[in-house]
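Chain and residue survey
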Amino acid sequence: QDVMDVEAKLSPPRPHWYERRVQPCVAELLGTALFTFTGCLAVLEDSGGTGRLQPALAHGLALAVTVAVLGDI
């Protein structure tokens, strides 16, 4: 009975310093780079008839991909 009480009171281990500090910074860096790169390319490749739609869609899709890929961090 005493052994079960001790096991139940153990707290989960804290994440490593890398997971707490470095991973979020790397995810932010990669997400911002992808977002900026995609947006700039959308503006450079702007064809005459799309107007503001092409950069808006490019930024929206880049954000969706970034959240899907890096959302677990």
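Just above sits the structure.
So, here is what we can say about the structure in this document. Keep in mind it's a predicted model, so treat the numbers as computed, not measured. The written sequence of each chain sets the order in which its residues are numbered from 1. Selection of residues for local features in this predicted model requires a pLDDT of at least 70, selection of side-chain atom pairs for listing and counting requires 80 or more, and totals for whole chains, interfaces and linings are taken over all residues. Note that the side-chain values use all heavy atoms of the structure and ignore hydrogens as well as water.

Another point: helix α2 (residues 17–44). Here α2 contains 28 residues, and its C-alpha end-to-end distance of 40 Å stays within 8% of the 40 Å for a straight helix at 1.5 Å per residue. A residue's bend is the angle separating two fitted axes: one through the seven residues that end there, the other through the seven that start there. Secondary structure elements follow DSSP: runs of H or I of four or more residues count as helices, runs of E of two or more count as strands, with numbering from the N terminus. Along α2, the sharpest change in direction is near 30° and occurs at Q23; proline P24 comes one to four residues later. For every residue, the accessible area (1.4 Å probe, protein chains only) is compared with the maximum for its type, and the residue is labelled buried under 20%, exposed over 50%, or partly exposed between those bounds. The set of residues buried in α2 consists of A27, G31, G39 and A42. The length a helix should cover is 1.5 Å for every residue beyond the first.

Next up on the list: the environment of A42. Looking at the secondary structure, you find A42 in helix α2. With a relative accessible area of 6%, A42 lands in the buried category. Placed 10 residues apart in sequence, A42 and R52 show a C-alpha to C-alpha distance of 9.9 Å. The criterion used for residue contact is that any of the two residues' heavy atoms lie within 4.5 Å. Among all residues touching A42, those that are not within four sequence positions of it are Q54, P55 and A58.

Here we take up the environment of A64. Secondary-structure assignment places A64 in helix α3 (residues 53–70). Looking at A64, the relative accessible area reads 45%, which means it is partly exposed. The spacing of A64 and F35 is 29 residues in sequence and 9.8 Å in space, taken between C-alpha atoms.

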